[in-house]
Amino acid sequence: MEADEKRTTEDLKIMQTILKYDSFFQTTNADIALTRKHVWIFYEYDREYQCCNSFFRFQTAEELKRIIAGMIAEDFNILIENAAENVHHSIKEIDMEDAEQKDYSACIPELLSNIEVLNSEMQKSAGMLDTIFQALLNILKE
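Residues numbered from 1 in each chain as written. Predicted model: local features only at pLDDT ≥ 70, side-chain atom pairs only at ≥ 80, totals over all residues. Heavy atoms only, no water.

Enquirer: What is the right way to read helix H3 (residues 61-90) from this model?
Expert: Quick reminder: α-helices carry 3.6 residues per turn. Residues three or four places apart thus point the same way. Spanning 30 residues, H3 covers 43 Å between terminal C-alpha atoms, matching the ideal 44 Å at 1.5 Å per step. Residues Ala 61, Leu 64, Ile 67, Ile 68, Met 71, Ile 72, Asp 75, Leu 79, Ala 83 and Val 87 constitute the buried set of H3. (Helix = DSSP H or I, 4+ residues; strand = E, 2+ residues; numbered from the N terminus. Expected span 1.5 Å × (residues − 1). Buried < 20%, exposed > 50% of the residue type's maximum accessible area, 1.4 Å probe, protein only.)

Enquirer: Whenever I open this one, the pattern of salt bridges confuses me. Can you help?
Expert: Two side chains carrying opposite charge are able to pair once their charged atoms lie near each other. Evaluated as defined, the whole model comprises two salt bridges. For Lys 65, the salt bridge identified is with Glu 62, shortest N-O distance 3.4 Å. Taken together, the positions of Lys 65 and Glu 62, both in helix H3 and three residues apart, correspond to about one turn of that helix. When the shortest N-O distance is used, the salt bridge between Lys 124 and Glu 121 registers 3.2 Å. (Salt bridge = Lys/Arg side-chain N within 4 Å of Asp/Glu carboxyl O.)

Enquirer: Would you take a moment to explain the pairing of strand E1 (residues 30-34) for this structure?
Expert: Strand residues, when the strand is regular, have side chains that alternate between the two faces of the sheet. With five bridges joining them, E1 and strand E2 (residues 40-46) adopt antiparallel strand pairing. Looking across to E2, one finds that Ala 33 is bridged to Ile 41. Adjacent in sequence and paired antiparallel, E1 and E2 are bridged by five residues, among which His 38 carries a positive phi angle near 60°. (Pairing = 2+ DSSP bridges.)

Enquirer: Help me understand the sheet that holds E2 in this model?
Expert: Each strand in a sheet pairs with another by means of backbone hydrogen bonds, the pair being arranged parallel or else antiparallel. Ordered in space as E1-E2-E3, the three strands form an open sheet in which the pairing is antiparallel. Sheet topology places E1 and strand E3 (51-58) at the edges, where each strand pairs with a single neighbour. The sheet shows a mean angle of 25° between the axes of neighbouring strands, direction not considered. (Axes fitted to C-alpha atoms, helices over the stretch in contact; angles between N-to-C directions.)

Enquirer: Please explain the packing of aromatic side chains as it appears in this structure.
Expert: Taken as a whole and judged by the stated rule, the model has five aromatic pairs. In textbook terms, an aromatic cluster arises when at least three aromatic residues are bridged by ring pairs, as seen for Phe 24, Phe 25, Phe 42 and Phe 56. (Phe/Tyr/Trp six-rings, centres within 6.5 Å; stacked < 30°, edge-to-face > 60°.)

Enquirer: What's the story with the environment of Ile 67 in this structure? I'm lost.
Expert: Topologically, Ile 67 is positioned in helix H3. According to the relative accessible area criterion, Ile 67 is buried, its value standing at 13%. Residues Ile 67 and Arg 57, ten residues apart in the sequence, show an inter-C-alpha distance of 9.7 Å. Once residues within four sequence positions are removed from consideration, Ile 67 is found in contact with Phe 42, Phe 56 and Phe 58. (Contact = heavy atoms within 4.5 Å.)

Everything listed is a geometric property; what it means functionally is a separate question.
Laid out in structure tokens, this is it:
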């Protein structure tokens, strides 16, 4: 009987946590499920490929909070790494010997090209960044 009471109490805490972080679930593809065998599951469903990208079992509200924080951190890291890699591959590397001999007016087209690369990458990242920031709202309010 005591185990059932603990489970019920923890289930209430989990449900409160789900409500508290509702904006995270509304702005991401993450969701929570409770199985017939009374197992809590956190998952991220990819509609494009019709599969789950993440699938975690948890038993406590604290575990759920750590999963959410970890997912946000992972998404942010992926965003930063992808943006950095894309910019690195798109921007023309500067040859220092050549740069010393360049006329300043010759640098302007290169600057314009690099600005276009950065702007394009920022536009691609803006949607994901908005999702991450929206998901962080309730977490950071704590």
